[in-house]
Amino acid sequence: MALDPFSPTSSTALDPNVSGASFTPAKTIDNPYGFNSIELNKSASSFQIAAAGANLQVITPNSDIVQNRIVFSTFKEQARLAKNLTLRNTGSEALTITSLSFGDSQEQQNAVAGRLADHQRGADFKFTNTVNLPITIAAGGSINLPVQFLPKRVATLTVADSPTHTNNGENYASLTITSNDPDQRTTKVNLAGFNADKVAGDFEASLAEVVRSFGWTTNIGSEDNRLGVSKTLFGDEVYSPYWMRADASKPVELLPIAVYSSPSDEAHDGVSFRAKAGSGGRSGFLYSLAGRLQDDDLPGSNDFSGGENQKLIPKILVGGKNTTPTSRNVDFSPTSPFALERGDGSTDDNQNGPAKTRAWRIYPLLNANGVATPNTWIAATDIGTNVGRNGDFQDDVYLFKNARPESRTLSASATSLVSGSSDLIFNSNKTHPSTLTDQDSQTISTSTQFNKSNSYPPTTSYQPSGLNIAPTSIDTPNTNTVGINNNTFVNGLQSNFDSKVNKATLLTKLLDPLNNLNAGFRQVGAMLSSDGDNHIKLLARAMPDGSLGLHSAKGISVQESDVSDETAYNPLSNS
């Protein structure tokens, strides 16, 4: 059994007029669902030697973006087109499919806390044609099984404190295929469908929901669909104004994976790359998306949707035609450091108008097992004028391949600094570049961990008046009193590091006096977390009887936190 080693240039249709259980190649049709058809694969395929016995090859659409997974999207439970799953027999004997069943997702370990039901949505997927079992596929033959996403649950915006932006928006399942392939009797294909509440504005998917739909585990840093335009890094985000080809012998690719922008009659959302000033490199326009006047009048690409809009995996305009994106029509070969541009927004914040706000957020791609894919990124942009962005960062989302930051201080496979780096140390007598400024205009190179109130504009997690960088300590005096389980944490200083590269040790030194720990479970120490809502911490805490005690805790929200005295780390955050 093989999964997507080669991609077909054409496929054999499942003929609904054939009776019984025997299927052989009946006719060849043009592939409308974007199967990868790279020339190298065609050449390799022509020399492929048939495996002994039956051999199942599973071919999913959009394999340039994600393999062994079919990704769907809609809104308000609208029925959209099916996508073809191709089953090919690359063996020398007949392949028999004896069972096809929709069931729970294979990725339940990655479910959002409290949202396990999102991974038990087999009922939301179906075949559009009646399938009579068993199915026999002759040696060298193949069939298409059209799969459709029809969500049974109504999507709504979430109520307060819900773990995701959209309630019942994410739907995950798997298709189990049972055959006589001697190497693997059962094969599972991942299925994902996102159902938005309504069109546009706050009803759209959040960037976190978009990323999870592809089975990736990158930490976006917030479930909100408005991240804001500040320069504070979210989750695993990496900021690099300019980028380079990672492998100079191959092109860079920018594959669109989501578009949730305003409906348009004309072509929209054009994206370009621009050479760094003075580098002598080339710049160029890549592609745009179809508006109502260029769409193909199909569900998900028509007046109701506003063209290629409000969906995952949009088509692109190539030669004026609405075309499925593949590696061959989204690639470019920059000859120097380059920035990505969409409208008036650049990956270089300094090019983004007088305010120099953030217009792109770029994250490393972490697969379902949490492993970073080298030189592969999720690039998300927020469109609009530089003074009028809403900070949602899912207007256009791309898979950004064969690229690395211009500066090699960031690992191309790491989210940030590697554990053990001296730059992770919060040392108040060390010279730091200006990042955060305290009440006396002293600076420290770090950021603050976002709390639940950070949206647009993002101001609530950082208050200079409550931060004091002293000669031998860092102090957040009495500005951090918060209630229970509400994550209004202020001035939680953090440094992101990649814990996957090597083991890390977290050290903190608490400096006397601890006289601010005088009431109400006030506490000071170190916290290790992926975000403000998931953490473990070790700290000194005021006890009800007035004494001080050591305390360790883990939780799903910052609890009773008043990190209020002098700490060497306050806190250190793991991304």
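Residues numbered from 1 in each chain as written. Predicted model: local features only at pLDDT ≥ 70, side-chain atom pairs only at ≥ 80, totals over all residues. Heavy atoms only, no water.

Across its full length, the protein chain holds two helices and 41 strands. Residues classed as buried in the protein chain amount to 54% of the 575 residues present. Here the protein chain displays about 23300 Å² of accessible surface, and carbon together with sulfur accounts for 51% of that area. (Helix = DSSP H or I, 4+ residues; strand = E, 2+ residues; numbered from the N terminus. Buried < 20%, exposed > 50% of the residue type's maximum accessible area, 1.4 Å probe, protein only. Areas by Shrake-Rupley, 256 points an atom, 1.4 Å probe, with all protein chains shown as cover.)

Turning our attention to empty space enclosed by the protein. Counted under the stated rule, the structure contains two cavities of 30 Å³ or more. In this model, the second largest cavity occupies a volume close to 30 Å³. Forming the boundary of the second largest cavity are Glu237, Val238, Tyr239, Ser240, Thr347, Trp360, Arg361 and Ile362. Tallied by class, the residues present in the lining of the second largest cavity amount to four nonpolar, two polar and two charged. (1 Å grid on protein atoms, 1.4 Å probe; cavity = no way out; pocket = protein on both sides within 12 Å on 5 of 7 lines; lining within 4 Å. Points joined across faces, edges and corners; volume = space filled by probe spheres on them. Nonpolar A, V, L, I, M, F, W, Y, C, P; charged D, E, K, R; others polar.)

Tallying each qualifying case throughout the model produces 17 salt bridges. Arg358 is the salt-bridge partner of Glu237, the closest N and O atoms lying 3.3 Å from each other. Of this pair, Glu237 sits in the loop between helix H2 (207-213) and strand E16 (243-245) while Arg358 sits in the loop between strand E25 (345-346) and strand E26 (360-366), and the two are 121 residues apart along the sequence. Residue Glu237 is classed as buried on the basis of its relative accessible area, which comes to 3%. For Arg358, a relative accessible area of 2% translates into the label buried. For Glu341, the salt bridge is made with Arg274, and the minimal N-O distance between the two is 3.0 Å. (Salt bridge = Lys/Arg side-chain N within 4 Å of Asp/Glu carboxyl O.)

Considering the arrangement of structural elements, one finds Asn302 in the loop between strand E19 (284-289) and strand E20 (311-312). Taking the relative accessible area as the measure of exposure, Asn302 reaches 13% and is therefore buried. When the C-alpha positions of Asn302 and Arg292 are compared, they lie 6.0 Å apart, and in sequence the two are 10 residues distant. Residues contacting Asn302, with those up to four places away along its chain left out, are Asp295, Asp297 and Gly307. (Contact = heavy atoms within 4.5 Å.)

It is worth spelling out the pairing of strand E28 (residues 396-401) at this point. Here E28 lies mainly inside the structure; five of its six residues are buried. Where strand E17 (residues 252-259) lies against E28, six bridges are found, and the strand directions are antiparallel. Note that in E28 the partner of Pro256 across the bridge is Tyr398. Both strand E27 (residues 372-381) and E28 contribute to a ladder of six bridges, which runs antiparallel. Residue pairing in the sheet places Thr376 in a bridge with Lys401 of E28. (Pairing = 2+ DSSP bridges.)

We now examine the confidence of the model for the protein chain. Taken over all residues, the pLDDT of the protein chain has a mean of 77, while the share at 70 or more is 71%. Within the protein chain, the element-level pLDDT minimum falls on strand E4 (residues 28-29), averaging 28, and the maximum on strand E14 (residues 170-179), averaging 97. Taken as a whole, residues 556-575 scores under 50 in pLDDT and shows 115 contacts with residues more than four places along the chain or in a different chain. (pLDDT = per-residue confidence, 0-100.)

For the rest of this paragraph, the subject is unusual backbone geometry. The amide bond that connects Leu133 to the next residue, Pro134, takes the cis arrangement and shows omega of 0°. Its identity as a non-glycine residue notwithstanding, Asn68 has a phi of 50°, on the positive side. On the secondary structure map, Asn68 appears in the loop between strand E5 (56-59) and strand E6 (69-75). If you check the backbone angles, Asn402 has positive phi at about 60° while not being a glycine. Turning to its location among the elements, Asn402 is positioned in the loop between E28 and strand E29 (403-405). Here Asn402 falls in the buried class, since its relative accessible area comes to 14%.

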